[in-house]
Each structure stands twice: as structure tokens, then as C-alpha cells.
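# Geometric and topological summary
Spelled out from the first residue to the last, the chains are:
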Amino acid sequence: MDIGTDTGAGTGTGGDVPTGVGVGVGVGTDADADPGAGAGRGTGPGLCDGRVVVVTGAGRGLGRAHALAFAAEGARVVVNDLGVGLDGRPGPDSPATAVVEEIRALGGEAVAHGGDIATGEGAASLVATALDAYGRLDTLVSNAGFLRDRMLVNLEEDDWDAVMRVHAKGHFLPLRHAAAHWRAEAKAGRTPVARIVHTTSGAGLLGSVGQGNYTAAKAAIVGLTLVAAAELARYGVQVNAVAPAARTRMTEQVFQGLDALPEDVSPLVVWLGSAASEGVTGRVFEAEGGRLTVMEGWRPGPTADKGARRTPAEAGETARRLLAGATPPHPVYGG
């Protein structure tokens, strides 16, 4: 039940805890909370030992929780964030460095990236940062985003373009540059165990009143996920999407009673980003608190084939008969 849970901020932009041995818990409780005790490394092996993980929009909220959780499981993390506000406009400073320092203080390895991943140059430099710092790239988690909510009759073209840009283009461009790297690796005989985790939303799956731009962008991410999973499998790349519900600065006004935290979503993201998720691709999950759901999207329902063209009246009669036997759609959020 998410209407904007991917932490915001950045076009560059409870329940379970990560399961590695010796993992501590206690990341902040919302997007702007002070850092807690963090997720520190223990002495045992982690689920992502040796992996290099890029997380976009990782300065706050869900992205920050994901970065800390990956580090707790032994990953070296590239923390991307522009440090912009909820509406995507520039903020006073970038929080990416603070997250990097937090990871390093807990014994992990991380570097910051402040580029705009909704540009080709920024997305290319994101991948280059991982390769320059650690010599490899294993997992891409695309999470950056922001909101500009309006009812459709009040939605300005600029607000549509800005939200589509950060969510849809901000998922496509990092994927494209990471996939090009992995394809080259596979063709050189070094087929990777690569993972991409996209961030969609309940809004993108079911719709959300007052969020036409956000809903369209998040639905586009689901379509991109399905195509990427099919196209990139030959190169050793798995692609999945998560629709999270968590209390962040993007949702605190919309869902004031929502108790689920970003840290509740991160265990699934970490697993999907690890080698342990072998064979899982082209899937969409919803995660809220301790609840995980495999989402099942469009598939053929009742059908009728006349074998010839219908008149409009016949088409309407057939459509009504089919609808009578179909499962009613889930209500749109806010409807």
C-alpha cells in the first residue's frame, strides 16, 4: 500500500533485519531521522560478501536503509544521491557522504556519487564510480524519486515531465549503462551473477488518486522490469521490482498512521540483490512491515472468439458478458 515510498530525494536520486551473522540493527525511523546504531558487520560471512552494490537515492529513507543493509551483509556500496527536496529541487547539501561515513564507521566500505542519474552522463559515471573504486559491479538498486502530486486537471506539464524523468528515465539510464557493462563481461567469457532491483509502487500497480504522474511512472518501471528480465537473462542478469510501503518523508503526510519502516523493506531488496536469489527474475513484490506479497499482474481473463468481426452492439454485448465473469479490479488508492 504505497503511494510514494521510494525515499525521495534525488534525481541522482521493524519486522525482519538482514540475516547475515553478527548484523546489528537500528537505522533511523524515517527519511530525516538521525542515524541510529546502524547495521554493523559482524565476524561471520554476509549474504553479499564480495559484491559491489549501487543504490540510487540512497541518502535518506528507503535508499539509505538499503545501503546500510547491503553493507551489513558484506557488500561494498556506491551511495548515490543529489540531496534534493521532495519535489526534486536542489537542497542545501547532499546526504550521500553522511551515509558513506556511517557505513565506514560501522566497518563497511562505501563511496559517494552525487551525479544526476536521469542523464546519460550521470548514469555512466555511476557505473564508472563502482568500477573505478572496486573494479566490479554486481547489483544495481534503483530507488531515487520524488513527488509532485496534483489532481489531473491541475497537473502541469512540468510536474508530469519532472516525475517521469526521475522515476522512468532514472531507472532506464542506470540499467542501460550497467547492462552494457555486464553484456561486455559476458561476451568476454566472464558471465556475471548480476542483479537489478527496481522500485515501483502500489500506485503503479493499482493507481492512486492525485498521483497521475507518479502512477504512470511507476507503472512504466514495471514494464521496464519485465522487458529487462527477458532481454538480459542471457548475460547473467536478473531483474525484479519491489513495491515498498514504509514511513519516509515522502509518505509521512499521506499515511500518518503507517508504522512500517524502510528497514522492513531492505531484507527483501538485499536478498534479491544477492547471489542467493538465483532463478528469481521478472517478478514484482510488495513489501510492508513483515508482510511480503508476490504481485500478479495482467494476464488473460474471460475471453470469447466469434471468429469474425463484430458489430459495435455485438462487441458491447460480448464485453458485458465477459465482465460478468471477470474478477473485479482492486480499488484505486484514494478512490
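In case you missed it, the structure is sitting above this.
Fair warning: this is a prediction, and the values are worked out from it, not measured in the lab.

## Some remarks on the overall build of the chain
Check the secondary structure of the chain and you find 8 helices and 8 strands. Residues counted as buried form 52% of the 335 residues belonging to the chain. Element-wise, carbon and sulfur atoms account for 54% of the exposed surface of the chain, whose accessible area totals about 14600 Å².

## Quick notes on the pairing of strand 1 (residues 52-55)
Residues of strand 1 alternate between two faces, with Val52 and Val54 on one and Val53 and Val55 on the opposite face, all of them buried. Inspection of the sheet shows strand 1 paired to strand 2 (residues 76-80) by 4 bridges, in the parallel sense. Across the sheet, the residue bridging to Val52 is Arg76, located in strand 2. With respect to chirality, the unit in which strand 1 leads through helix 1 (residues 61-72) into the neighbouring parallel strand 2 is right-handed. Looking at chain direction, strand 1 and strand 4 (residues 139-141) are connected through 3 bridges and run parallel. Paired with Val53 across the bridge in strand 4 is Thr139.

## Details of the environment of Ile196
Turning to its location among the elements, Ile196 is positioned in strand 5 (residues 194-199). With 33 residues separating them in the primary sequence, Ile196 and Ala229 have C-alpha atoms 9.0 Å apart. Beyond its immediate chain neighbours, meaning those up to four positions away, Ile196 contacts Leu140, Leu175, Trp182, Leu232, Val237, Gln238, Val239 and Asn240.

## Brief notes about the pattern of salt bridges
On inspection of all chains with the given rule, the structure shows 10 salt bridges. In this structure, the salt-bridge partner of Asp159 is Arg150, at a minimum N-O distance of 4.0 Å. For Arg291, the salt bridge identified is with Glu286, shortest N-O distance 3.2 Å. Assessed through its relative accessible area of 34%, Arg291 is described here as partly exposed. Connected through salt bridges with shared partners, the residues Arg148, Arg150 and Asp159 form a single ionic network.

## Comments concerning the sheet that holds strand 8 (residues 291-295)
Pairing is mixed in the open sheet, where 8 strands are placed in the order 3-2-1-4-5-6-7-8. Edge positions in the sheet fall to strand 3 (109-113) and strand 8, since each has one partner strand and no second. Taken over all neighbouring pairs, the strand axes of this sheet differ in orientation by 20 degrees on average, direction set aside. Contacts from helix 1 reach strand 1, strand 2, strand 4 and strand 6 (237-245) within the one sheet, and its direction differs from that of strand 1 by about 170 degrees. The strands touched by helix 6 (residues 212-232) are strand 5, strand 6 and strand 7 (284-288); relative to strand 6, the strand with the most contacts, the crossing angle is about 160 degrees.

## Topic: a nonpolar patch on the surface
A surface patch of nonpolar side chains, about 380 Å² in accessible area, is lined by Met151, Val153, Val209 and Val332. With respect to the helices and strands, Val332 occurs in the segment after helix 8 (312-324). The exposure class of Val332 is partly exposed, given its relative accessible area of 38%.

## Topic: the side chain of His198
Within the secondary structure layout, His198 lies in strand 5. Taking the relative accessible area as the measure of exposure, His198 reaches 0% and is therefore buried. Sequence-distant contacts of His198, that is, excluding residues within four places in its chain, are made with Ser142, His171, Leu175, Ile221, Leu224, Thr225, Val239, Asn240, Ala241 and Val242.

## Observations concerning the pairing of strand 8
The pairing of strand 7 with strand 8 spans 5 bridges and is antiparallel. Directly across from Val284, in strand 8, lies its bridge partner Met295. The hairpin turn running from strand 7 into strand 8, its antiparallel successor, is 2 residues long, and Gly289 in that turn takes a positive phi close to 55 degrees.

Conventions used here
Residues numbered from 1 in each chain as written. Predicted model: local features only at pLDDT ≥ 70, side-chain atom pairs only at ≥ 80, totals over all residues. Heavy atoms only, no water. Helix = DSSP H or I, 4+ residues; strand = E, 2+ residues; numbered from the N terminus. Buried < 20%, exposed > 50% of the residue type's maximum accessible area, 1.4 Å probe, protein only. Areas by Shrake-Rupley, 256 points an atom, 1.4 Å probe, with all protein chains shown as cover. Pairing = 2+ DSSP bridges. Right-handed = clockwise from strand over helix to strand, strands pointing away. Contact = heavy atoms within 4.5 Å. Salt bridge = Lys/Arg side-chain N within 4 Å of Asp/Glu carboxyl O. Axes fitted to C-alpha atoms, helices over the stretch in contact; angles between N-to-C directions. Patch = residues over 30% accessible without salt bridge, like charges linked within 9 Å, V, L, I, M, F, W, Y side chains within 5 Å.

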